[in-house]
Amino acid sequence: MTADGEVDPAATDALVEHLLATGHDGIVVNGTTGEASTLTDDESIETMARVKARAGDRAAMVAGVGSNDTRHAIHMARRAADVGANALLLVSPYYNKPTQPGLIAHCHAVADATDLPVVLYDIPGRTGIPFTTETLVALADHPRIVAVKDAKGDLAASTHVMAATDLLWFSGEDALTLPLLAIGAVGTVSVVGHVAGSEYAAMIAAVDRGDMVEARRIHEALVPIVDAIMTPSQGAIMAKAALVELGVIGSAAVRLPLVQSPVEHLEALRAALATLPGILDR
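Residues numbered from 1 in each chain as written. Predicted model: local features only at pLDDT ≥ 70, side-chain atom pairs only at ≥ 80, totals over all residues. Heavy atoms only, no water.

Q: Please clarify how the sheet that holds strand S2 (residues 60-64) should be interpreted in this entry.
A: For sheets, the rule is that strands pair by backbone hydrogen bonds, running either parallel or antiparallel. Pairing within the open sheet is parallel, and its seven strands lie in the order S1-S2-S3-S4-S5-S6-S7. Two strands close off the open sheet at either side, each with one partner strand: strand S1 (26-29) and strand S7 (187-188). Summarising the sheet, strand S5 (residues 145-150) and strand S6 (residues 168-171) pair through four bridges and their orientation is parallel. Across the sheet, Asp150 pairs through a bridge with Ser171, a residue of S6. Lying over the sheet, helix H4 (residues 100-111) contacts strand S3 (87-91), strand S4 (118-122) and S5, oriented at roughly 160° with respect to S3. (Pairing = 2+ DSSP bridges. Helix = DSSP H or I, 4+ residues; strand = E, 2+ residues; numbered from the N terminus. Contact = heavy atoms within 4.5 Å. Axes fitted to C-alpha atoms, helices over the stretch in contact; angles between N-to-C directions.)

Q: Quick question: what am I supposed to make of the UniProt feature "binding site: pyruvate" (unreviewed entry) in the protein chain here?
A: Listed under "binding site: pyruvate" (unreviewed entry) in the UniProt record, and renumbered for this structure, are Thr33 and Val189. These annotated residues cover 157 residues of sequence, but their C-alpha atoms sit close together, with the largest distance between any two at 11.3 Å. Locating Thr33 in the fold gives a position in the loop between S1 and helix H2 (41-55). On the accessibility criterion, Thr33 (13% relative accessible area) is buried. (UniProt positions renumbered as here; feature names shortened; annotations may be inferred. Buried < 20%, exposed > 50% of the residue type's maximum accessible area, 1.4 Å probe, protein only.)

Q: Teacher, can you tell me more about the pairing of S2 here?
A: In regular strands, side chains alternate between the two faces of the sheet. The buried fraction of S2 amounts to four of the five residues, a majority that puts the element mostly inside the structure. In this sheet, S2 lies alongside S1 in parallel orientation, the contact comprising four bridges. What sits directly across from Val29, in S2, is Ala63. Pairing analysis gives three bridges linking S2 to S3, with the strands arranged parallel. In the sheet register, Val62 faces S3, and the bridge partner there is Ala87. Note that the unit made of S2, helix H3 (residues 70-82) and S3 has a crossover that is right-handed. (Right-handed = clockwise from strand over helix to strand, strands pointing away.)

Q: Please clarify how the side chain of Thr177 should be interpreted in this entry.
A: In this fold, Thr177 is placed in helix H8 (residues 177-182). In this structure the side chain of Thr177 is engaged in a polar contact, spanning 2.9 Å, whose partner is the side chain of Ser171. Residue contacts for Thr177: discarding those within four places in its chain leaves Ser171, Thr188, Tyr200 and Met203. (Polar contact = N/O pair within 3.5 Å; in protein donor to acceptor, adjacent residues only side chain to side chain.)

Laid out in structure tokens, this is it:
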């Protein structure tokens, strides 16, 4: 955002280049933790198109199309497909809290609206409605529902679904990325990855080659940054503040009801960033 709260195309380009330079092979646009709730549909689609044009074939562009109105989610899914999205991120409907059969019907309707693969986003702490194990197993039968972004914090439930399906599993909770990788996740869709993408990529590579000692070392080194970004207020607020500290973007502006970080949060963030050698030089 610019200082007056408008979408900043130049800063968007700079962020794409930063993410590509720090280990990311996919970029989510219009996710849920950030500004998606306060962007207009046109702003969301224009940003998707810009990111796709900038990233090209260097990274997959995953479009967040979740809504608590199935018709609106279908509309956004089709518009995202039209601007070149490689996949869709579909959060469970929030606030109106459908039953599990309603959740299945919602996901099927959106998955049937385009030919794109769908990543389900399970974050009941924000939506009020989880994907149950049984629901995820049922949804895995749909040919275009291929993955889960898991921010439920229930490792036992995650294990059950991974054992019963071929769904690809992605951590959606930065503090639990290593535990999820250890039980079968293949990657992460990360907030803290905006500033520590190289470290998360190295952690994933370490797990893939069986080097859990190195993976745990990285996990522990990231604790101060995870705490500084995810604990004081809200992830998008602090991630933007961190990107300003790194010189990637020029403004940490957010739209109401979000507000920028107070001084004490910024001081804690700077101290946390300083614990990771070289991060401020990227």
